[in-house]
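Structural description and commentary
The chain contents come next:
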Amino acid sequence: QAEVLKKVKDKPAITEDGKQVTLLANISNADDLEMMHDNGGEGVGLFRTEMLFMDRDSFPDEEEQFEFYKKAVLQAKGKPVIIRTIDIGGDKHLSYFNLPAELNPFLGYRAIRISLDQEGLFMVQLKAILRASAFGTVSIMFPMISNVKEIRDAKLILSKAKNELLEAGVPFSADVKVGIMVEIPSAAVTADILAKEVDFFSIGTNDLCQYTLAVDRMNEKITHLYDPFNPGVLRLILNVIEQGRKHNIHIGMCGEMASDPLATLLLLGMGLEEFSMSAASIPAIKNIIINNTEAKAKQVCRQVMAMDSSENIIAYLKEITQ
Ligand code: PEP
Ligand code: MG
């Protein structure tokens, strides 16, 4: 098996009937990029920036953030990098950011909600990312979007950041794409509305699953309920892909489901064209893609979407994935 995976590494991810998909890596810092290149990753679908903010005494300033992002962009060697703005809050706590304890941290003050509330902090991060964009192909992604106003507000602040850099004569790329994580059910349901505001979606199945099923993704007592193959979750994912395609924007997935071999054909059949995962999983997913057809994947999708329970769905997917 290891030998087989090594062989597929440098092949493009194309099905037997010619459907090409993009396989990207999720990273947390520049060091992860070696793995991305080694496993045949075509870029970064999710750069989680939280790591820079954790385990320290104060917020990193613009210069420090710029260096952190630039290093990753340079090490991507021209491959595209999607940088996600901070997803602090929830389970990711900052000791120096004195926030009161919350009853429901996962439903609380986190991610884009903090960024929009603390415009100064947001501006610093956006300017640092924009500056890094001068060194490669960079996109910006906003996490935990629940409505269209958050996107519009975030884009407004982004344009302010661009103006400040322009006025100061600081270089940045003129075509930084802007996208959102689709990981809150309201965003998935209104994908047709949100698609008009952005260049791309990335489906965050970890949180989408948690919020759709009302199952805390960290609570071990209820892991059996945490189920991406629940028909409710699958319908949301399909809606996001279909609406995104209809509005001609790029659709990726960066949650764990993208690296689940059981889900690959189903997602391909739904029309997903970009899978982002930990680099180590890329060869196995590519192996599935190059040994199957899009026609079969579409058939799998039709079958699965007509089923009534995740037990049936999983049993069927296991059978056809052998
Ligand atoms: C997700 O929610 O699926 C995701 C990719 O983001 P994170 O795991 O960082 O919350
Ligand atoms: Mg998430």
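Before any of the text, the structure's been laid out above.
Predicted model only: the values in this text are computed from it and were never measured. (Residues numbered from 1 in each chain as written. Chains lettered and ligands numbered in written order. Predicted model: local features only at pLDDT ≥ 70, side-chain atom pairs only at ≥ 80, totals over all residues. Heavy atoms only, no water.)

**Details of the overall build of the protein chain**
Helix and strand counts for the protein chain come out as 15 helices and eight strands. Since a compact globule built from 322 residues should have a radius of gyration of about 20 Å, the 19 Å found for the protein chain is in line with a globular shape. Reported as C-alpha extents along the three principal axes, the dimensions of the protein chain are approximately 55 × 45 × 35 Å. Across the protein chain, the fraction of contacts at a sequence separation of at least 24, relative to all contacts at a separation of at least 6, is 70%. In the structure as shown, the protein chain presents an accessible area of about 14400 Å², 51% of it carried by carbon and sulfur atoms. Looking at the protein chain, you have 34 positive and 44 negative side-chain charges, and the mean spots of the two groups are 5 Å apart. (Helix = DSSP H or I, 4+ residues; strand = E, 2+ residues; numbered from the N terminus. Rg over C-alpha atoms; globule rule 2.2 N^0.38 Å. Contact = heavy atoms within 4.5 Å. Areas by Shrake-Rupley, 256 points an atom, 1.4 Å probe, with all protein chains shown as cover. Lys, Arg positive; Asp, Glu negative; His and termini not counted. Charge placed at Lys NZ, Arg CZ, Asp CG, Glu CD.)

**Section: the environment of asparagine 29**
By the secondary structure assignment, asparagine 29 is in the loop between β1 (22-27) and α2 (33-38). Residues asparagine 29 and alanine 187 lie 158 residues apart in sequence; the distance between their C-alpha atoms is 28 Å. What asparagine 29 contacts, discounting residues up to four positions off in sequence, is Phe47, Met51 and Phe68. In this structure the side chain of asparagine 29 is engaged in a polar contact, spanning 2.8 Å, whose partner is the backbone nitrogen of aspartate 31. (Polar contact = N/O pair within 3.5 Å; in protein donor to acceptor, adjacent residues only side chain to side chain.)

**Some details on the site of ligand 1**
Inspection of the region around ligand 1 gives 14 residues, with Arg48, Arg84, Gly204, Asn206 and Arg217 positioned closest. Here an oxygen atom of ligand 1 and a side-chain polar atom of arginine 48 are 2.8 Å apart. Relative to its unbound accessible surface of 290 Å², ligand 1 loses 99% to contact with the protein. Put simply, the parts of the chain that give the shell around ligand 1 at least two residues each are β2 (44-48) and α10 (205-213). (Near = heavy atom within 4 Å.)

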